[in-house]
Structure formats: C-alpha cells, structure tokens
Amino acid sequence: MTDDDLSIEEKRVFSSKAGKTEVFVAAGVGCVVVDVSGDRVGGFRVDHHCTARDVAGRGGRIVVATDEDVLLAPGYEALGFGPAMAVGLTEDEVVAVGEDGSIGRLAFDAGNGWRTVGGVDGPRAVDGRLVAAEEGVFRVTDRDLRHAGLDDVRDVAAAGPFAATGSGLFYLGNGWMEIEDGEWDVVDAAPDGRAHAVGAAGIRRRTETDGGTWRAVDRADDLADDEAFVEFAYGEDVVCAVTDEGTFLVDAGDGLRTQTLGLRDVGGVAIP
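Residues numbered from 1 in each chain as written. Predicted model: local features only at pLDDT ≥ 70, side-chain atom pairs only at ≥ 80, totals over all residues. Heavy atoms only, no water.

Undergrad: Looking at this structure, how should I read the side chain of Arg105?
TA: For Arg105, the location among the structural elements is in strand S10 (residues 102-107). Residue Arg105 is classed as buried on the basis of its relative accessible area of 13%. Residue contacts for Arg105: discarding those within four places in its chain leaves Glu93, Val94, Val95, Gly113, Trp114, Arg115, Val117, Arg129, Val140, Thr141 and Asp142. (Helix = DSSP H or I, 4+ residues; strand = E, 2+ residues; numbered from the N terminus. Buried < 20%, exposed > 50% of the residue type's maximum accessible area, 1.4 Å probe, protein only. Contact = heavy atoms within 4.5 Å.)

Given below as structure tokens:
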C-alpha cells in the first residue's frame, strides 16, 4: 500500500505515532513492519533485511529468529545464539530453538549469556517458556527442559495455556483437557483471555466476555481456500494475523479486514 491509497484522514493517523500500532512480520525478505490504526492497514516496509523465520513480541520488545542469529529490535542486535527456527518471549527473557532442536534461554538482565536447557526432536513452535514438538509440549525451566504431556503438538500458547495438536485442541487445567477434537495447527492467546485457534474444522475465537466459550469465526471472503493462517498477535484493542501467502488481517471489533503484503516464506507476526 502506498500513500496514494490512503485518505486524507488516514494520512493524518499514520503520520503520527498516536493511535498507531506497529506490527512485525517475519518473512523471507526480512522483518517487515506494518502500520495499523484501528482496523485500517497503513504502509508497510522492510525494517531489517534478513531471512526471518519467526518473531515474538512482549513487554515492548521484539525478537526475531533468523538463519544467522536471534536479533533484538529495534536495532536488530545479534544476541549470539546462532541460527534459530523459533523464538519466544517472557517479561525478562528470550527462549530460542536452534536448527538442531537445541533450546536455550537468555535472561536480559542477568548478564550470563545463553543457557542451553535441553533439546527436542521435531520442534514446531515456542511461546513464552512452552515449546511445541512432535513428542509433545515441553516446559523450559531455569535449568532444564521438562515434558509436559500430549504428542503431535503443532502450536502452543503460554497464556491459557493452550495446545494445538493433531488430535485435538487442549487447555491445561487438571491435566490437559480437550476443547475440541480434530486436527489443529495454530493456537495463540493473550493474557486478557483473548485467543484464536485454526484447524481442519475452521477458525475459533475465545474472549472473556463470552465466558471463555470458543466460537466459530468465518474466514475472510477474499482468502483462498488453501491459504493457511500462520499466527495471531494481540494489541490493546486489535488482533492481527498473517497467512502463509502473505495476507495480513486485522480486527478491531468489526470483523477481519485484509491487506495483501506480497511476502513469501512468512514465519510469524508479533506486536511489541
């Protein structure tokens, strides 16, 4: 989208930081920043050229997993982990998964460098201190890595916690409790209770105002049938998502609006 595509009112909104959310997308071309205000998608730009495989945001920070290292935005400082497949953030540390399945954690304020806590076969995703892998959910502790149940786990959401697996969508209560059976590929959640999941049965959305009930959501009309959701990200008043074909989606309460970014090898989306 260029400036010519924006109305005069929209140009005023996107010319100021006020009311604007910067959303980070990991893609083959690099880390791309998309400007969002409400449900309006403004301009987007490559903020840092690299091969970005995943991105995570929390507490005002953004970290990016690349084929060379884990980077900390906005300066894209290399953190010294090496090539990474996935990254997660807590309030005070970053968790990274290497190409060989090794998992490390770096406490921002400790000054002790990376600590390797273990490794997994077939890593698929990481969120906070939870790792999704072929063999199940794994929890990163201060010193080691512990299996936390399930198998064939495609995605995890630390807020919840939730897990998307090949046999069902689960939440962690008194053990892992099934929300809905079937194949599920994506699950994301925010600390305020908002959550989304995508699987063979379609899209599900959860909010605290619905009493925690997961409800079906219609796909955007202009998404191709084979276009797959990669990840959701949550801002204060907005939910964003991205697909494997580079379609960016935003919902500020009035339904999904889409914008084609024209990106390939999309790995994730995050809001700091």
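Undergrad: Is there a simple way to think about the nonpolar core in this case?
TA: Nonpolar side chains tend toward joint burial in soluble globular proteins. Val23, Val25, Val34, Val36, Cys240 and Phe248 are the most contacted members of the largest nonpolar core, which totals 18 residues. Val70, Ala84, Val94 and Phe108 belong to the second-largest nonpolar core, a separate cluster that totals 14 residues. (Core = buried A, V, L, I, M, F, W, Y, C linked by side-chain atoms within 4.5 Å.)

Undergrad: So what exactly am I meant to see when it comes to the pattern of salt bridges here?
TA: Between side chains of opposite charge, a pair can form when the charged atoms approach closely. Enumeration according to the criterion identifies 20 salt bridges in this entry. Here Asp35 makes a salt bridge to Arg45, at a shortest N to O gap of 3.7 Å. In this pair, Asp35 sits in strand S2 (residues 30-37) while Arg45 sits in strand S3 (residues 40-49), placing the two residues 10 residues apart along the sequence. According to the relative accessible area criterion, Arg45 is partly exposed, its value standing at 35%. The shortest N-O distance in the salt bridge between Asp144 and Arg146 comes to 3.2 Å. A relative accessible area of 27% means that Asp144 is categorised as partly exposed. One connected set of salt bridges, linked through shared partners, spans Lys20, Glu22, Asp35, Arg45 and Asp47. (Salt bridge = Lys/Arg side-chain N within 4 Å of Asp/Glu carboxyl O.)

Undergrad: Quick question: what am I supposed to make of the pairing of S3 here?
TA: When a strand is regular, its side chains alternate between the sheet's two faces. Relative to S3, S2 runs antiparallel, the two sharing seven bridges. Residue pairing across strands places Val36 opposite Val41, the latter belonging to S3. (Pairing = 2+ DSSP bridges.)

Undergrad: Would you mind showing me how to read unusual backbone geometry here?
TA: With the exception of glycine, the majority of residues adopt a negative phi angle, and the majority of peptide bonds are in the trans configuration. In this chain, Ala73 is followed by Pro74 through a cis amide linkage whose omega measures 15°. Within the secondary structure layout, Pro74 lies in the loop between strand S6 (70-73) and strand S7 (77-78). Between Gly160 and Pro161 the backbone carries a cis peptide bond, its omega angle lying at -15°. The residue Pro161 is located in the loop between strand S16 (153-157) and strand S17 (162-165) in this model. Phi at Tyr76 takes a positive value of approximately 55°, unusual for a residue other than glycine. On the secondary structure map, Tyr76 appears in the loop between S6 and S7. On the basis of relative accessibility, which here comes to 8%, the residue Tyr76 falls in the buried class. One non-glycine residue with positive phi stands out, namely Leu150, at about 65°. Its place among the elements puts Leu150 in the loop between strand S15 (145-147) and S16. Taking relative accessible area as the criterion, Leu150 reaches 23% and is therefore assigned partly exposed.

Undergrad: What exactly am I supposed to notice about the side chain of Asp155 here?
TA: Position of Asp155 among the secondary structure elements: in strand S16. Here Asp155 occupies a buried position and makes no salt bridge, while the nearest side chain of opposite charge, Arg124, is found at 10.0 Å. From its side chain, Asp155 meets the backbone nitrogen of Val187 in a polar contact 3.0 Å long. (Lys, Arg positive; Asp, Glu negative; His and termini not counted. Polar contact = N/O pair within 3.5 Å; in protein donor to acceptor, adjacent residues only side chain to side chain.)

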